[in-house]
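Coordinates in review
Listed below are the residues making up each chain.
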Amino acid sequence: MTPTGDGVASYPTSSHWGAYQVLVRDDTVVGVRPDPGDPAPSPVIGNAPGAQHHATRIGRPSVRRRWLEHGPGPDERRGHPDDEYVAVDWDTALDLLAGELDRVRTAHGNAAIYGGSYGWASAGRFHHAQSQLHRFLNTIGGYTRSRTSYSHAAVEVLLPHVVGAPGTHDLLHRPATWEAVAEHTDLIVTFGGLRVSNTWTSSGGRAAHTAEPGMRDAARRGVRIVSVSPLRDDTLDGLGAEWLPASPGTDTAILLALIHVLFDEGLADKDFLARYAVGAEQLRDHVLGGTDGVPKTPEWAAGISEVDPGFLRDLARRMARGRTLVNVGWSVQRARYGEQPLWAGIALAACLGQIGLPGGGFAAGYGSMGNYGGGATPGGLPRLAQGANPVDSFIPAARVADMLLHPGEPFDFDGRRLTYPDVRLVYWAGGNPFHHHQDLARLGRAFGRPETVVVHETHWTATARHADIVLPATTSLERDDFAASQGDLRLRVMPRAVAAHGEARDEYDTYAALARRLGAAQEFTEDRTSAEWLRHLYEEWRAGQEADLPAFDAFWAAGGVDIPGRAEDVTLFGAFREDPEAHPLRTPSGRVELYSATIAGFDYADCPGHPAWLAPEERLGSARSEEWPLLLIANQPSGRLHSQQDMGAHSRSQKIADRAPIRLHPEDAAARGIGDGDVVRVFNDRGSCLAGVRTSSDLRRGVVQLSTGAWFDPSSAEVTCAHGNPNALTADVGTSALSQGCTGQLVLVQVERHDGPVPPMRAFDPPKIVERY
Ligand SMILES: Nc1nc2c(c(=O)[nH]1)N[C@H]1C(S)=C(S)[C@@H](COP(=O)(O)OP(=O)(O)OC[C@H]3O[C@@H](n4cnc5c(=O)[nH]c(N)nc54)[C@H](O)[C@@H]3O)O[C@H]1N2
Ligand SMILES: Nc1nc2c(c(=O)[nH]1)N[C@H]1C(S)=C(S)[C@@H](COP(=O)(O)OP(=O)(O)OC[C@H]3O[C@@H](n4cnc5c(=O)[nH]c(N)nc54)[C@H](O)[C@@H]3O)O[C@H]1N2
Ligand SMILES: [Mo]
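Treat the numbers as computed from the prediction; the structure is a model and nothing was measured.

What counts, and at which threshold
Every residue gets a number counted from 1 within its own chain, in the order that chain's sequence is written. For this description, chains carry letters from A and ligands carry numbers from 1, given in the order in which they are written. The predicted origin of the model limits local features to residues at a pLDDT of at least 70 and limits the giving and counting of side-chain atom pairs to 80 or more, whereas totals for whole chains, interfaces and linings rest on all residues. To obtain the side-chain values, all non-hydrogen atoms of the structure were included, while hydrogens and water were left out. Throughout, the term near means that a residue has one or more heavy atoms lying within 4 Å of the molecule or strand in question. Identification of polar contacts relies on pairs of N or O atoms within 3.5 Å, with a donor-acceptor requirement for protein atoms, meaning one able to donate a hydrogen and the other able to accept it, and with residues adjacent in sequence counted only if both atoms are side-chain atoms. Only the protein chains shown count as cover for residues, and the accessible areas themselves come from Shrake-Rupley with a 1.4 Å probe. Comment: elements are numbered from the N terminus, with helices defined as DSSP H or I runs of at least four residues and strands as E runs of at least two. All the domain ranges listed were derived from an automatic or database domain assignment. Exposed residues in this analysis have more than 50% of their type's maximum accessible area, buried residues have under 20%, and partly exposed residues fall in between, with area computed by a 1.4 Å probe over protein chains only. Contacts are assigned to residue pairs that have any heavy atoms within 4.5 Å of one another. Residue type decides the class: Asp, Glu, Lys and Arg count as charged, Ala, Val, Leu, Ile, Met, Phe, Trp, Tyr, Cys and Pro as nonpolar, and the leftover types, Gly among them, as polar. UniProt positions are given in the numbering used here, feature names are shortened, and annotations may be inferred rather than shown by experiment. Here a Phe, Tyr or Trp ring, Trp counted by its six-membered ring, pairs with any other such ring whose centre lies within 6.5 Å, and the pair is stacked when the planes are under 30 degrees apart, edge-to-face when over 60, and tilted otherwise. Only when the NZ atom of a Lys or the CZ atom of an Arg is both within 6 Å of the ring centre and within 35 degrees of the ring normal do we say a charge sits over the ring. Under this scheme, a helix contributes an axis fitted over its contacting stretch, all axes are lines through C-alpha atoms, and angles between N-to-C directions fall in the 0 to 180 degree range. Oblique is the label for every angle not falling under 35 degrees (roughly parallel), over 145 degrees (roughly antiparallel), or within 65 to 115 degrees (roughly perpendicular). Rotating anticlockwise by less than a right angle from the far helix to the near helix defines a left-handed crossing, while the corresponding clockwise rotation defines a right-handed one. One requirement defines pairing of two strands: DSSP has to find at least two bridges between them. Salt-bridge detection follows one rule: a side-chain nitrogen of Lys or Arg within 4 Å of a carboxyl oxygen of Asp or Glu. Side-chain atoms within 4.5 Å link the members of a nonpolar core, which is a set of buried Ala, Val, Leu, Ile, Met, Phe, Trp, Tyr and Cys residues.

1. With respect to the site of ligand 2
- Surrounding ligand 2, one finds 31 residues, the nearest of these being Asp 234, Gly 249, Asp 251, Ser 368 and His 642.
- Within the side chain of Asn 198, one N or O atom sits 2.8 Å away from an oxygen atom of ligand 2.
- A distance of 2.8 Å is found between an oxygen atom of ligand 2 and a backbone nitrogen or oxygen belonging to His 642.
- Protein chains shield 98% of the accessible area of ligand 2, which is 920 Å² for the free molecule.
- Residue assignment for the shell around ligand 2 shows that the elements contributing at least two residues are helix 8 (196-199) and helix 15 (330-333).
- The element contributing the most residues to the shell around ligand 2 is helix 15, with 3 residues.
- When residues of the shell around ligand 2 are assigned to domains, at least three map to each of domain 2 (164-374 + 569-601) and domain 3 (624-753).

So this is what it looks like as structure tokens:
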């Protein structure tokens, strides 16, 4: 804590959007300021004061009145905007919850508890919501978990087949640093842009934002950038990027056409393909038209992607001329058949023969996350052990609504035929599925199915408002912790800056109290308080480091410690390239699999044995687009992280007429009689939402942009969401039977001006809470 005058003290803190300082007066967060060491601070920090003390903070343990009156059971009214909650004291809430957990595990087994609890929660190595929940549930017999992420499930499931599991890990965590790119790369061809607002975020909280300076430096040092993206402003002004506004969802066609040119013009690196890859013959045959009679020429791709074939042909030649990095952003795989552009991207990089060379080859994540290209943390970070889960039941994270709606039914995942468990109790802490999941009306029906829903939250999110038992959690500003993200340079302390709101508790204490009631106290706490845990986690980590680091008290007093052993730039797949026999990839062949016999053997219509163009429905020019002519891009918001702190000042400054901002091309707007500042209805056959219009010629025509994360507002009978959450519209289908990943990025819609009185926006009103009834 540092006094700054006027009774204001400044506290260092950290968040997924970076380290910063909060200014506190009278136990109230009154302001923020960037960390002096941060070269490119994020404006998202401006949300903290408004969010910390907002009316939607949860102050008391609360139980849904209908659940309290009728007991556990399916209830279609869950989430109803008029539902009432009853505030109860902590002991009453904990007794109820412990009793319910015990009832469910005894009557139905622990697999009937869904604890997947996907979500970003907050930064801080100890008070991490999911780590705490999973550790707790493991001590009481386990739970059905989730695997993979909404972020990049296709990367996680496909790439182990193509470059092996360790190769996939390195691709995600040890790509070339921006410095290495600046030094070695001539040309980056990036699918999904290099969106700077996304690099404000790094899971775990990064001490300094290095991606934007990294990109700028690379451009200054002559790295050329071609950005394939529907949005011009997906790359920074000043990088001199060339914009290829291809039709979204069609990247695979472009990639196959680039490969076609390489084979057709003798530019493909035959020696590389022979030595380091398998399946080059199948790939070549496919792109030249041998498998289906359709050569995948630039003219063929132009018909699908609506780009200039001459540009593509020339681009392929340019790529072959110098050191080229092919980057496939995560957005591109967060769509139906999302495996294909990844696989085709690797295939293109293999044909260029530069995998394993500094600054060349393939990457998946520049511009998606702040620490991608920001170095590696080889010594790991302090971590709360989760224990072992005795239950083996799991689902791919994005199949949660299917699980709740179809218990006992089979589904496919990565070559396995699995069965959805019969879940009776859903336990969510640190995530907001009623922002993040697709087709929220369907998710609402799914949440009507379980007997009990439990949510720990800091705020009355739409998810909290679907819960029967709601337990108030402290925010990261209300507890001591420390933070860093993978690749970070510094482990930072996050001292408590303000007192807990109302009766909010640290979740650690909540689980300790529940564990006591369920006979697992010792196993959960190991007889430590949270203060003792912080010390323990730090000391355990320190003991594993080669460097001599300060002991806990000195670390705390110094405000942090520099993380040692930052690896010098190791070239991704460099060892494999050097000696593929000594350092094979962990694939069946030991090489890059451009054709995978394993995947071919799964016999999935939506994920064949080699990269292929499969035409998604949610695409301009599809049959479905005749009815729903605009393609909505539901990308990440620049005003916040997902739905977090949406009521904060920075996020609110972007709203238009209290609604989430939607961008339209001026011609698409004019054709509909829509102008700047209008409220529009965005709709399709799944649902509808309101949004506020901003026109912009930074968009490709036919595309509209409505970022995710507006708090879901089901309070108006007129629309599914009166605030503008795009998941009122998206389809709840997986990428394919292989990865079953999230496909929320792209959805076809229609947009019309909302005439007449606009319903009020109620997302930021807390529910009705009664004392007793
Ligand atoms: N249409 C579409 N949908 C998408 C995407 C897309 O591209 N398009 N992207 C997807 C992606 S990549 C992701 S990762 C997801 C993100 O989805 P989420 O991770 O679910 O989104 P957040 O808003 O970060 O939710 C975190 C929640 O944790 C709460 N929280 C913060 N700190 C604490 C704490 O200490 N304890 C507890 N109990 N709670 C806390 C916050 O209040 C917030 O409600 O969204 C996905 N959804
Ligand atoms: N400020 C902020 N930063 C964040 C987040 C946040 O919520 N806020 N979320 C974080 C998380 S959890 C994740 S997983 C990452 C996600 O990182 P990404 O998935 O890379 O991010 P998005 O913003 O969803 O998409 C980036 C861009 O891809 C383009 N795009 C969309 N569809 C297509 C397509 O079919 N083809 C091509 N070529 N381009 C397309 C869009 O124009 C979009 O702006 O971002 C992280 N960073
Ligand atoms: Mo994500």
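2. So, the environment of Ala 722
- Structurally, the position occupied by Ala 722 is in the loop between strand 29 (703-705) and strand 30 (746-753).
- A relative accessible area of 0% means that Ala 722 is categorised as buried.
- As for Ala 722 and Met 647, which are separated by 75 residues in sequence, their C-alpha atoms are 15 Å apart.
- Residues contacting Ala 722, with those up to four places away along its chain left out, are Arg 659, Leu 690, Asp 713, Ser 716, Pro 760 and Met 761.

3. Quick word on the site of ligand 1
- Residues in close proximity to ligand 1 total 33 residues, the closest being His 436, Glu 457, Glu 507, Ser 643 and Asn 727.
- The contact in question runs from an oxygen atom of ligand 1 to an N or O atom on the side chain of Gln 636, over 3.0 Å.
- Contacts to ligand 1 include Gln 644, whose side-chain N or O atom sits 2.8 Å from an oxygen atom.
- When ligand 1 sits alone it has 920 Å² of accessible area, and the protein chains cover 97% of it.
- Listing elements by their share of the shell around ligand 1, those giving two or more residues are helix 18 (433-436) and strand 19 (452-457).
- Across the shell around ligand 1, the residue classes break down as 7 nonpolar, 22 polar and 4 charged.

4. With respect to the UniProt feature "domain: Molybdopterin oxidoreductase N-terminal" (unreviewed entry) in the protein
- Under the UniProt annotation, the feature "domain: Molybdopterin oxidoreductase N-terminal" (unreviewed entry) is placed at residues 13-53.
- Segment residues 13-53 splits into 12% helix and 44% strand. End C-alpha atoms: 17 Å apart.

5. Re the packing of aromatic side chains
- Applying the stated rule across the entire model yields 29 aromatic pairs.
- Ring geometry for Tyr 366 versus Tyr 372: centroids 4.9 Å apart, planes at 85°, classification edge-to-face. Like Tyr 372, Tyr 366 is buried.
- Feature note: the residues Phe 126, Phe 136, Tyr 427, Tyr 508, Tyr 511, Phe 524 and Trp 533 constitute an aromatic cluster, connected by ring pairs.
- The cationic tip of Arg 135 hangs over the ring face of Phe 524; the distance from NZ or CZ to the ring centre is 5.7 Å.
- Positioned above the aromatic ring of Trp 300, the side-chain terminus of Lys 296 is 5.9 Å from the ring centre.

6. Description of the UniProt feature "domain: Molybdopterin oxidoreductase" (unreviewed entry) in the protein
- Here the UniProt-annotated "domain: Molybdopterin oxidoreductase" (unreviewed entry) positions come out as residues 57-516.
- With 38% helix and 15% strand, residues 57-516 has end C-alpha atoms that lie 27 Å from one another.

7. Some words on the environment of Ala 241
- Within the element layout of this structure, Ala 241 appears in the loop between strand 10 (224-228) and strand 11 (242-244).
- For Ala 241, a relative accessible area of 27% puts it in the partly exposed group.
- Note: C-alpha distance between Ala 241 and Arg 317 (76 residues apart in sequence) is 18 Å.
- Filtering out sequence-adjacent residues up to four positions away, Ala 241 remains in contact with Ile 225 and Thr 235.

8. Side note on the packing of helix 3 (residues 90-108) against helix 20 (residues 507-517)
- It is the contact of helix 3 with helix 20, at a shortest axis distance of 10 Å, that shows an interaxial angle of 55°. Of the possible angle classes, the one that applies to helix 3 and helix 20 is oblique. Every pair of crossing elements has a handedness; the one defined by helix 3 and helix 20 is right-handed. The segment helix 3 lies against helix 20, with Trp 90, Asp 91, Leu 94, Asp 95, Leu 97 and Ala 98 engaging Thr 510, Ala 513, Leu 514 and Arg 517.

9. A look at the sheet that holds strand 5 (residues 62-64)
- Judged by pairing direction, the sheet is mixed, and its 7 strands sit side by side in the order 7-18-19-20-5-6-31 without closing on themselves. A single partner strand is all that each edge strand has here, and the edge strands are strand 7 (113-114) and strand 31 (768-770).
- When strand 18 (residues 425-429) meets strand 19, the two strands line up parallel, connected through 5 bridges. What sits directly across from Ala 429, in strand 19, is His 456.
- Running at roughly 145° to strand 18, helix 4 (residues 129-139) makes contact with strand 7 and strand 18 of the sheet.

10. Let's talk about the pattern of salt bridges
- Applying the stated criterion across every chain yields a total of 55 salt bridges.
- Taken together, the shared-partner salt bridges in this structure form one network comprising Arg 64, Arg 66, Asp 75, Arg 77, Arg 78, Asp 83 and Asp 468.

11. Considerations on the side chain of Asn 198
- Of note, Asn 198 is situated in helix 8.
- Apart from the residues within four sequence positions on either side, Asn 198 is in contact with Gly 367, Ser 368, Met 369, Gly 370 and Gln 636.

12. Focus: the nonpolar core
- Grouped together as the largest cluster of nonpolar side chains are 166 residues, with contacts concentrated most on Leu 159, Phe 191, Phe 362, Ile 662 and Val 682.
- Excluding residues that lie within four positions of it along the chain, Ile 662 makes contacts with Val 680, Val 682, Ala 691, Gly 692, Val 693, Arg 694, Val 704, Gln 705, Leu 706 and Val 751.

13. Examining the packing of helix 5 (residues 153-163) against helix 16 (residues 339-352)
- For the pair helix 5 and helix 16, the least separation of the axes is 10 Å and the interaxial angle reads 35°. Between helix 5 and helix 16 the crossing geometry is right-handed. Of the residues in helix 16, those in contact with Ala 154, Val 155, Leu 158, Leu 159, Val 162 and Val 163 of helix 5 are Glu 339, Leu 342, Trp 343 and Ile 346.
- For the contact of helix 5 with helix 16, a count of residues per class yields 9 nonpolar, no polar and 1 charged.

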